[in-house]
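# Coordinates in review
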Amino acid sequence: MSRSLVKSSQPAELISQLNSGQLLAVDSRRRNGLIIYKRYHAEFAGPGAAVGGFFDVGTQRTIPVGDLALVAPEEYEERQKAYSIRRHWIRLTEQLTENPVPLQRAKMLLAQFEHYFDAETVNSLPDDALASLVGVLPSTIKMVRHPKRFQPRELKAMARV
């Protein structure tokens, strides 16, 4: 793969790249990724995952996770591997969304991100970005992040929904 194309890009420039149809991949040698906002949801593309190309036409917003670096997969095998890894990240998120309880989906997502990224990185991510990944309200993410701010009755009610 070629070296890094985008280290810490301007949001508008990154969105333009993704919408152009150019295929890139999240650098697999770093703990980094990209939250990609679509019209009604968001997707996470982690290390090694393809971004851009046909996957991300229509991207409305992006949030880099960690020290984002994108590379251009030049060979056929590299592109196929990047597509496969993107599908893996989509399936992982899909598994989290299968839980019918919003509070549990939020807990599982945060646990996954905290397992992979450092606490500072996870804490820097906006509640709405994380919420969009698993179909919960930003306030649900906030409840999981700061449980002491909420009454036990509110948490029990959220767990039953």
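Residues numbered from 1 in each chain as written. Predicted model: local features only at pLDDT ≥ 70, side-chain atom pairs only at ≥ 80, totals over all residues. Heavy atoms only, no water.

### Considering the side chain of Glu78
Short version of the rule: Here a strand is any run of E in DSSP of at least two residues, a helix any run of H or I of at least four, and the numbering for each starts at the N terminus. Buried means the residue's accessible area, taken with a 1.4 Å probe over protein chains only, is under 20% of the maximum for its type, while exposed means over 50%, and partly exposed covers the values in between. A positive count includes Lys and Arg, and a negative count includes Asp and Glu. His and the chain ends are not counted in either. Throughout this description, the term salt bridge denotes a Lys or Arg side-chain nitrogen within 4 Å of a carboxyl oxygen of Asp or Glu. For this analysis, a polar contact is any N or O atom pair within 3.5 Å, provided that within protein one partner can donate a hydrogen and the other can accept it, and provided that sequence-adjacent residues contribute only side-chain to side-chain pairs.
Among the structural elements, Glu78 can be located in helix α2 (residues 76-97). Buried charge without a partner: Glu78 forms no salt bridge, and the closest opposite charge is Arg79, 6.4 Å away. Of note is the side chain of Glu78, whose polar atom sits 2.8 Å from the backbone nitrogen of Glu74.

### Quick notes on the packing of aromatic side chains
Note the following rule: Two aromatic rings, drawn from Phe, Tyr or Trp (for Trp, its six-membered ring), form a pair once their centres lie within 6.5 Å of each other, and the interplanar angle then sorts them: stacked below 30 degrees, edge-to-face above 60, tilted otherwise.
Summed over all chains, the structure comprises nine aromatic pairs. Centre to centre, the rings of Phe44 and Trp89 are 5.1 Å apart; their planes meet at 80 degrees, and the pair counts as edge-to-face. Of this pair, Phe44 sits in strand β3 (residues 42-45) while Trp89 sits in helix α2, and the two are 45 residues apart along the sequence. For Phe44, a relative accessible area of 5% translates into the label buried. Under the relative-accessibility criterion, Trp89 is labelled buried at 14%. A ring pair is formed by Phe54 and Phe55, whose centres lie 4.8 Å apart and whose planes are at 20 degrees; its orientation type is stacked. Taken together, Phe44, Trp89, Phe113, Tyr116 and Phe117 form an aromatic cluster joined through their ring pairs.

### As for the sheet that holds β3
Where we set the bar: In this analysis, strands are considered paired if DSSP registers two or more bridges between them. Every axis corresponds to a line fitted to the C-alpha atoms, with the helix fit spanning only the stretch in contact, and the corresponding angles, defined between N-to-C directions, vary from 0 to 180 degrees. Contact between two residues is taken to exist if any of their heavy atoms lie within 4.5 Å; hydrogens are not considered.
Pairing in this open sheet of three strands is antiparallel, and the strands run β3-β2-β5 from one edge to the other. The outermost strands of the open sheet, each flanked by one partner alone, are β3 and β5 (61-66). Pairs of neighbouring strands in the sheet enclose a mean axial angle of 20 degrees, with direction left out of account. Bridging between strand β2 (residues 32-37) and β5 involves six bridges; their strand directions are antiparallel. Note on β5: the bridge partner recorded for Tyr37 is Arg61. Of the strands in this sheet, β2 and β5 touch helix α1 (residues 11-19), which is tilted by about 110 degrees from β5.

### Examining the environment of Val144
Mapped onto the elements, Val144 comes out in helix α6 (residues 138-145). The buried category is assigned to Val144, whose relative accessible area is 19%. In the structure, Val144 is positioned 38 residues away from Ala106 in sequence and 6.8 Å away in space, judged by C-alpha atoms. If near-sequence neighbours (up to four positions away) are discounted, Val144 is found in contact with Leu103, Ala106, Lys107 and Leu110.

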